[in-house]
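# Working through the structure, step by step
Now for the letters of each chain:
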Amino acid sequence: MLSNRASNISPSITLGISAKVKELKSKGQAIINLSIGEPDFLTPDKVKAEGIRAIKENITKYDAASGSLKVKEAVCQKLKRENGLDYTPDQIVVSNGAKHAITNGLLATINPGDEVLIPVPYWVSYPEMVGLVGGVPVLVQTKKENGFKVTLEDIEPHLNEKTKMIILTNPSNPTGNVFSREELENLCTNLVEKNILILADEIYEKVIYDEEFVSIASLSEEIYDKTILINGLSKSASMTGWRMGYSATNKTLAKAIGSIQSHLTTHPSTITMAASVVALNDCEEDVNLMVKTYKERRDYIESFFKDWGRLDIIPPKGAFYVFIDIGPLAEKIKADSLSLQVCDDMIELHKTAFVPGIGFGQDDFIRLSYAASMEDIKEGLKRFKTYVENVLED
Ligand code: PMP
Ligand code: GLU
């Protein structure tokens, strides 16, 4: 009954853990959830008010399949103002979340058998998305000593005539690392010279602390032309449930992406698009406040691991994740998957949820999301420390 495509697919591990936590909570268990990558802030009031206005003013009918002109113009203004990028509305397609924008971008560029380079550790959905459109995900292992930032050296052994694209996430989920301008320039100039497309997932752009954020398309004209820029409002404006993401590309690709979307979903809800204009233009203060809070939590977690001194973390510079090296537990825990076992133990014995690194292709790590209250973070880390000390002393 099932297509090959459906037989081979596995559900999102991050969403799966979140569902498990909700189920346990509904049974009365007090679980601390440090797993899901979903902002713990409310959508800003003025964005909600605009959504309500859109309903009241009957902005509830079909619009252009690639998104309303107003929202596409607001995206162009944002890209100019914040990233120094020149795009026109016919280069923008507004989709149902960044996930949808990424899948559209893959559908528009990948032929069966084309290879897509995915640096490991990767965000859970990339390999599945590439497989879904008939492409071949090529996993490129990166090095812990480079903070898991992919380098040309990592990529070179995987290049061949079938290599069509690379997916770069900056800031990174799951590592929280951020590329410098120099690193991006070196990497992307070389890849584009080899005619490789870049899918630049910049959804965590705003959640960045001490570093400069550099949008890949701004590096050079050649890179601009070969980049599928992906962004959205799930993280920056705490709008996960509204489903707003977008792509910015050259005109040929944008036209193809728009045609694909016109047959699959049309546009995101008109209510979401109206509210998104406000989120894109007028939410700087709200975003700054969220980022300030994330930074306080990041600083606490970093000093916690430093004071404890037992396990390494990748120094978190952006997004709201900490990637924790659980390699030292391998000697004590014998399991098919170390990270699954540790996360199972933490949830069963210590009622605290993390995401196992195996979901990101890196089994000797687990991911902590600090899109959670400081109280939960402190208690979750206390429990994790107790667990690790017990395991190591056994
Ligand atoms: N890219 C990355 C790296 C993510 O972590 C996520 C998860 N939210 C997405 C894309 C998808 O976001 P959206 O909610 O806009 O579909
Ligand atoms: N991207 C978030 C995460 O990594 C949300 C879950 C998902 O979309 O898979 O946790």
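Above this text you will find the structure in question.
What comes next concerns the included structure. Everything quoted here is computed from the prediction, not taken from an experiment.

Let's shift gears to a negative patch on the surface. Residues Glu193, Glu221, Glu222 and Asp225 make up a contiguous surface patch of negative charge. The residue Asp225 is located in helix α9 (residues 221-225) in this model. In this structure Asp225 comes out as partly exposed when scored by relative accessible area, which is 37%.

Residues in contact with ligand 2, as listed here, are Ser12, Thr14, Leu15, Ile36, Gly37, Lys99, Trp123, Asn173, Lys235, Tyr321 and Arg367. Lys99 places a polar side-chain atom, nitrogen or oxygen, 2.9 Å from an oxygen atom of ligand 2. With the chains in place, 90% of the 280 Å² that ligand 2 exposes on its own is no longer accessible. Residues that form the shell around ligand 2 fall into these classes: 4 nonpolar, 4 polar and 3 charged.

Once that is clear, we can look at helix α10 (residues 251-264). If you check α10, its first and last C-alpha atoms are 20 Å apart, about what 14 residues at 1.5 Å a residue would give, namely 20 Å. Within α10, the full set of buried residues consists of Leu253, Ala254, Ile257, Gly258 and Gln261. The arc that holds the buried residues of α10, viewed along the axis, is 135°, so those residues lie on one side. Of the exposed residues in α10, the ones pointing more than 90 degrees away from its buried face are Thr252, Lys255 and His263. Buried positions along α10 lie against β2 (92-95), α5 (98-109), β7 (227-232) and β8 (245-248).

Glancing now at the site of ligand 1. Taken together, 13 residues lie near ligand 1, and Ala98, Asp201, Tyr204, Ser234 and Lys235 sit nearest. In this structure, Lys99 approaches ligand 1 through a main-chain N or O atom, which is 3.0 Å from an oxygen atom. Asp201 has a polar side-chain atom sitting 2.6 Å from a nitrogen atom of ligand 1. If ligand 1 stood free it would expose 390 Å²; the protein chains cover 93% of that surface. A breakdown of the residues in the shell around ligand 1 according to their chemical character gives 5 nonpolar, 4 polar and 4 charged.

Rules and cut-offs
Counting restarts for each chain: residues are numbered from 1 in the order of the written sequence. By the order in which they are written, chains take letters starting at A while ligands take numbers starting at 1. This being a predicted model, a pLDDT of at least 70 is required before a residue's local features are given, and a value of 80 or more before pairs of side-chain atoms are given or counted; all residues contribute to the totals for chains, interfaces and linings. Hydrogens and water are ignored here; the side-chain numbers use all heavy atoms of the structure. To count toward a patch, a residue needs a relative accessible area over 30% and no salt bridge; like charges are then connected within 9 Å, while nonpolar side chains (Val, Leu, Ile, Met, Phe, Trp, Tyr) are connected within 5 Å. Reported accessibility uses the Shrake-Rupley method at a 1.4 Å probe radius. Residues are deemed covered only where the shown protein chains occlude them. In what follows, salt bridge is the name for a side-chain nitrogen of Lys or Arg lying within 4 Å of a carboxyl oxygen of Asp or Glu. Residues scored as positive are Lys and Arg, those scored as negative are Asp and Glu, and His as well as the terminal groups of each chain are ignored. Lysine's charge is taken at NZ, arginine's at CZ, aspartate's at CG and glutamate's at CD. Per the convention used, a helix needs a DSSP run of H or I reaching at least four residues, while a strand needs a run of E reaching at least two, with both numbered from the N terminus. Each residue is placed in one exposure class: buried if its accessible area under a 1.4 Å probe, protein chains only, is under 20% of its type's maximum, exposed if it is over 50%, and partly exposed if it falls in between. The near set for a molecule or strand comprises every residue that places at least one heavy atom within 4 Å of it. Whenever two N or O atoms come within 3.5 Å, that pair is a polar contact, provided that in protein one can donate a hydrogen and the other can accept it, and provided that, for residues adjacent in sequence, both atoms are side-chain atoms. Residues are grouped as follows: Ala, Val, Leu, Ile, Met, Phe, Trp, Tyr, Cys and Pro are nonpolar; Asp, Glu, Lys and Arg are charged; every other residue, Gly included, is polar. The span expected for a helix works out to 1.5 Å for each residue beyond the first. Summarising the geometry, the arc corresponds to the directions from the helix axis toward the C-beta atoms. Note on definitions: a residue-residue contact is assigned when non-hydrogen atoms from the two residues lie within 4.5 Å.

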